[in-house]
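Letter by letter, the chains look like this.
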Amino acid sequence: MDVDVADEYKTFAKVVRISTTAGLIMLIASSVMYLLDIDPFVEPGRVVETWHLPASKFWKVNVGKEMESYSEFLSIEHPDTIAVFSLFILALTPVLALLTILPKLKGIYRILAVIVISELLFGAVRPLFLGAFGE
Amino acid sequence: MEKGLANLRAAIVITTVSIASSIVGSVLGLWITNELPEGKHYITIALGISLFFIFAVMVKSKRVEFPEVGKVDSTSEKLDLSGRWYEPSRDEVVEYKLTRLPYSLPAFAGVGLVASMFGLGAGWANVPVLNLLMGAPLRVAVSTSMLIITLNDAAAMWVYIARGAVLPLIVVPSVLGVTIGARIGAMIAERVRPRIIRLVVLGIMLFAALLDIEKGLAGLGVI
């Protein structure tokens, strides 16, 4: 027996289901390519040897430079980078879901949803203009 | 959410505060890991000890499965943080109201900060705040907590992606495990008795407390 839930609940759930499924398919496909050693950005063996290092040192040791502001995506042709990009899509899922239900929300909830969307987007763009540590 | 278990309204209100604190927490987490590697271990131990206290409070609390909410504060009343779902163990539709929002928001802010600092997940603290403080039935608290975590973590993870701190070799199996686990968990959570949910929540809290203390002590080289 189900209870009647508000329209925005159903829509939110539907968008989350579709977006996470898409992100997961991309994640699995790229991971299989990576594990089959098809043109990785950093060889899996090297990752295991150096994963204890802080992020900045890890990249210096493995590719000769640090990663800043999503610069890893400049090497999007490699399957391990595509795997990270699929996480990017998964992280955008709540934004998509909230944007979809925004017209259905009323009063204060519409304002609060706009605040949540802004916070999520701020979290995403912040590294582009403030650096990872906010400096 | 389609069954009425996760309270989207409550999640939207709570995440306005907790996302902001998770963004700050993720920045602080990276900074501490890079600049003060030992600081992270002390905070992990402190978190484990705090979890023990929350665990003890939940063990002692009665009516955790279906808390009785008397007077609802005016903010929660205005925001209409109520809901209902079909409870199979009672074979009836259960209606509930959430309360004490003004006291809960600072708690959620603190949880978001600490959880995103070290990628610890926040279910261990969201569930007790929703259940013990706001009066959410345990089943609703668990479902709403998962929704809050989804929103919070989505905000906190950008800084790690931007910095290249996400290694597919580690993240991919864990994301797949979490996703499959979450889908199975959601299916089971609908049907299982609230008493079992309570035991599982308590078990996870105890395990997480022990794990945090062990991780912290191991990080400091004590054990």
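Before reading on, note that the structure itself is shown above.
Cut-offs applied
Residues numbered from 1 in each chain as written. Chains lettered and ligands numbered in written order. Predicted model: local features only at pLDDT ≥ 70, side-chain atom pairs only at ≥ 80, totals over all residues. Heavy atoms only, no water. Helix = DSSP H or I, 4+ residues; strand = E, 2+ residues; numbered from the N terminus. Rg over C-alpha atoms; globule rule 2.2 N^0.38 Å. Contact = heavy atoms within 4.5 Å. Areas by Shrake-Rupley, 256 points an atom, 1.4 Å probe, with all protein chains shown as cover. Buried < 20%, exposed > 50% of the residue type's maximum accessible area, 1.4 Å probe, protein only. Patch = residues over 30% accessible without salt bridge, like charges linked within 9 Å, V, L, I, M, F, W, Y side chains within 5 Å. Salt bridge = Lys/Arg side-chain N within 4 Å of Asp/Glu carboxyl O. Axes fitted to C-alpha atoms, helices over the stretch in contact; angles between N-to-C directions. Parallel < 35°, antiparallel > 145°, perpendicular 65-115°, else oblique. Left-handed = near helix turned anticlockwise from the far one by under 90°. Nonpolar A, V, L, I, M, F, W, Y, C, P; charged D, E, K, R; others polar. Expected span 1.5 Å × (residues − 1). Buried area = accessible area lost by both parts, 1.4 Å probe. Polar contact = N/O pair within 3.5 Å; in protein donor to acceptor, adjacent residues only side chain to side chain. Phe/Tyr/Trp six-rings, centres within 6.5 Å; stacked < 30°, edge-to-face > 60°. Lys NZ or Arg CZ within 6 Å of the ring centre and 35° of its normal. Pairing = 2+ DSSP bridges.

Peer 1: Break down the overall build of chain B for me, citing the residues and quoting the values.
Peer 2: Each helix and strand counted, chain B has 8 helices and 2 strands in total. Reading the helices (α) and strands (β) of chain B from amino to carboxyl end gives α-α-α-β-β-α-α-α-α-α. The C-alpha radius of gyration of chain B comes to 18 Å, within 12% of the 17 Å expected for a compact globule of 223 residues. A sequence separation of at least 24 residues applies to 78% of the contacts in chain B between residues at least 6 apart. Element-wise, carbon and sulfur atoms account for 66% of the exposed surface of chain B, whose accessible area totals about 10,000 Å².

Peer 1: So what about unusual backbone geometry? Which residues, and what values?
Peer 2: Residue D37(A) is not a glycine yet carries a positive backbone phi of 65°. Relative to the assigned elements, D37(A) resides in the loop between α1 (7-35) and α2 (44-50). When its relative accessible area of 44% is taken as the criterion, D37(A) is described as partly exposed. At R100(B), a residue that is not glycine, the phi angle is positive and equals roughly 55°. In this structure, R100(B) sits in the loop between β2 (92-97) and α4 (101-117).

Peer 1: Describe a nonpolar patch on the surface, and please don't skip the residues or the numbers.
Peer 2: A cluster of nonpolar side chains, I28(A), V32(A), M33(A), L36(A) and I38(A), forms an exposed patch at the surface whose accessible area comes to about 440 Å². Take L36(A): it is sitting in the loop between α1 and α2.

Peer 1: I'd like a description of the packing of α4(B) against helix α6 (residues 138-162) of chain B, backed by residues and values.
Peer 2: Residue and element names in this part refer to chain B. It is the contact of α4 with α6, at a shortest axis distance of 10 Å, that shows an interaxial angle of 45°. The angle between α4 and α6 places the two elements in the oblique class. Regarding α4 and α6, the two cross each other, and that crossing is right-handed. Contacts between α4 and α6 pair F108, G112, S116 and M117 from the former with I148, N152, A156 and Y160 from the latter. Classifying every residue of the contact of α4 with α6 by side-chain character gives 5 nonpolar, 3 polar and no charged.

Peer 1: Please give an account of helix α2 (residues 37-60) of chain B that cites residues and values.
Peer 2: For an α-helix, the turn length of 3.6 residues means that residues three or four places apart are oriented alike. Spanning 24 residues, α2(B) covers 36 Å between terminal C-alpha atoms, matching the ideal 34 Å at 1.5 Å per step. Buried residues along α2(B) sit in contact with α4, α5 (123-133), α6 and α8 (194-220) of chain B.

Peer 1: Break down the pattern of salt bridges for me, citing the residues and quoting the values.
Peer 2: Applying the stated rule across the entire model yields 6 salt bridges over all chains. In this structure, E2(B) and R17(A) form a salt bridge, with 2.9 Å as the shortest nitrogen-oxygen distance. Within this pair, whereas E2(B) is found in the segment before α1 (8-35), its partner R17(A) is found in helix α1, the two belonging to separate chains. Residue classification places R17(A) among the partly exposed positions, given a relative accessible area of 40%.

Peer 1: Kindly report on the interface of chain B and chain A, identifying the contributing residues and their values.
Peer 2: Counting residues at the interface gives 50 residues for chain B, matched by 63 residues for chain A. Carbon and sulfur atoms make up 75% of the area that chain B and chain A hide from each other, which totals about 4,900 Å². Looking at the side of chain B facing chain A, the largest losses of area belong to W158(B), R163(B) and L169(B), adding up to 18% of the total buried there. Put simply, chain B and chain A have 1 salt bridge between them. Across the chain B-chain A interface, the total number found is 7 residue pairs in polar contact (both at pLDDT 80 or more). The element best represented in the side of chain B that touches chain A is α1(B), accounting for 13 residues. Residues of the side of chain B that touches chain A, tallied by class, amount to 35 nonpolar, 8 polar and 7 charged.

Peer 1: Kindly report on the packing of aromatic side chains, identifying the contributing residues and their values.
Peer 2: If you walk through the whole model with that rule in mind, you get 8 aromatic pairs over all chains. Ring geometry for F88(A) against W158(B): centres 4.9 Å apart, planes inclined by 80°, an arrangement best described as edge-to-face. You can see F88(A) sitting in helix α4 (residues 79-101) and its partner W158(B) sitting in helix α6, one on each of two chains. With relative accessibility at 21%, the residue F88(A) sits in the partly exposed group. On the basis of an interplanar angle of 10° and a centroid distance of 6.3 Å, the ring pair of F66(B) and W85(B) is categorised as stacked. Placement of F66(B) in the loop between α2 and α3 (74-79) and of W85(B) in strand β1 (residues 82-87) is noted, with a sequence separation of 19 residues between them. Site record: aromatic cluster; members linked through ring pairs are Y70(A), F85(A), F88(A) and W158(B). A cation sits over an aromatic face here: R90(B) above F66(B), 3.9 Å from the ring centre.

Peer 1: Hey, could you go over the side chain of R139(B) for me, with residue numbers and the actual values?
Peer 2: Residue and element names in this part refer to chain B. Inspection of the secondary structure assignment puts R139 in helix α6. Classification of R139 by relative accessible area gives buried; the value is 3%. In terms of polar contacts, R139 uses its side chain to reach the side chain of E87, at 2.8 Å. A polar atom in the side chain of R139 sits 2.6 Å from the backbone oxygen of V192. For R139, the residues in contact, after removing those within four places along its chain, are L5, W85, E87, P88, A189, E190, R191, V192, R193, P194 and I197.

Peer 1: Describe the pairing of β2(B), naming the residues involved and giving the relevant values.
Peer 2: Residue and element names in this part refer to chain B. Of the strand pairs in this sheet, β1 and β2 are connected by 6 bridges, and their pairing is antiparallel. Its bridge partner being in β2, W85 is matched across the sheet by V94. Linking β1 to β2, which pair antiparallel, is a turn of 4 residues; within it D91 sits at a positive phi near 50°.

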